[in-house]
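# Per-entry structural report
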Amino acid sequence: KVQSELAVPFDINNQVRGVLNVDATHLNAFNESDQEMLSDLAIHASKVIENTWLYEQIRFKAQMFESLTKVNETIQNAYDLEEALEAVTREACQLMSARMCSVLLLDETGDWLELTASHGAGESYKTKPRLHVDESFAGSVIRRRQPIQLRDAQQSNLYQNSEMAREEGLVSMLSVPLMLESDPMGVLSVYAGKPHSFSDEEIHILKAFSNASATAIQRARLNKDIRSMEEELRQREKFSALGLLAAEVAHEIRNPLTVMKMVFHALNLQFPED
């Protein structure tokens, strides 16, 4: 039964972000004075909305950085490589409220990305083939050394495993490089189960998380190498101890034999052949 309508824009930072709309059930309900009053109200409301948005953004950032600090402590305390990778994928899912998270690490040649860890992944994702750096979406993250997101991995031509994404229920994704100083070591990816556009704040948070994760993974790798070297040293110490023991035994046997030989020759004993 609306017969009259008056609408004025919400102008925030010189951008129209919405409309303040009023209706009336009779004709010619609004005049220029009403429009001026509603415009003034829209100006004041725009300031309130802008301040509310700023507050929400600050609150969101504070929550994200607080979560980042907590998960950073968790992954940095991981001593074993497998434990560190599991912690990275698990905490990334929680931090980003993601459907699934995975870590792809470069192999020794630097040409292939291999799935090393995942959280929330199904069998289809876990068994997917490794990806070539020059021919894959994840590889483009390595080449550009910058985060890249896809709105819909199920439909995008850039994503090589669209069928797998449909089977796993993976829609939007954000991939960031795992950087150790200036060298890439792999890709950290988070997936949403519905269409989602990752904000600048979310991208910055995941980049910071990936930097901490790269450090944790590298430290876990070094710990693994150190443990391997320590085991090798222990084996060498065992062989060294066995060698010293054998030399000591040989010495203890050789001494009396030498004395017996000297005495035998000194006595010049002659025995019959039988």
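Residues numbered from 1 in each chain as written. Predicted model: local features only at pLDDT ≥ 70, side-chain atom pairs only at ≥ 80, totals over all residues. Heavy atoms only, no water.

This paragraph deals with empty space enclosed by the protein. For the structure on display, the rule yields 1 cavity of 30 Å³ or more. Reported here for the largest cavity is a volume of approximately 50 Å³. Of all the elements in the fold, those that place two or more residues in the lining of the largest cavity are α4 (137-144), β7 (173-180) and β8 (183-191). Tallied by class, residues from the lining of the largest cavity come to 8 nonpolar, 3 polar and 1 charged. (1 Å grid on protein atoms, 1.4 Å probe; cavity = no way out; pocket = protein on both sides within 12 Å on 5 of 7 lines; lining within 4 Å. Points joined across faces, edges and corners; volume = space filled by probe spheres on them. Helix = DSSP H or I, 4+ residues; strand = E, 2+ residues; numbered from the N terminus. Nonpolar A, V, L, I, M, F, W, Y, C, P; charged D, E, K, R; others polar.)

This part covers unusual backbone geometry. Not every positive phi belongs to a glycine, and S97 is a case in point at roughly 50°. A relative accessible area of 66% means that S97 is categorised as exposed. Of note, R145 is a non-glycine position whose phi angle comes to about 60°, a positive value. Among the structural elements, R145 can be located in the loop between α4 and β6 (148-150). Assessed through its relative accessible area of 39%, R145 is described here as partly exposed. (Buried < 20%, exposed > 50% of the residue type's maximum accessible area, 1.4 Å probe, protein only.)

In spatial order, the strands read β5-β4-β3-β8-β7-β6; together these 6 strands make up an open sheet with antiparallel pairing. Every interior strand has two partners, whereas the edge strands, β5 (131-132) and β6, have only one. The pairing of strand β3 (residues 100-106) with strand β4 (residues 112-119) spans 6 bridges and is antiparallel. Along β4, the bridge assignment pairs C101 with H119. Contacts from helix α6 (residues 200-267) reach β3, β6, β7 and β8 within the one sheet, and its direction differs from that of β7 by about 45°. (Pairing = 2+ DSSP bridges. Contact = heavy atoms within 4.5 Å. Axes fitted to C-alpha atoms, helices over the stretch in contact; angles between N-to-C directions.)

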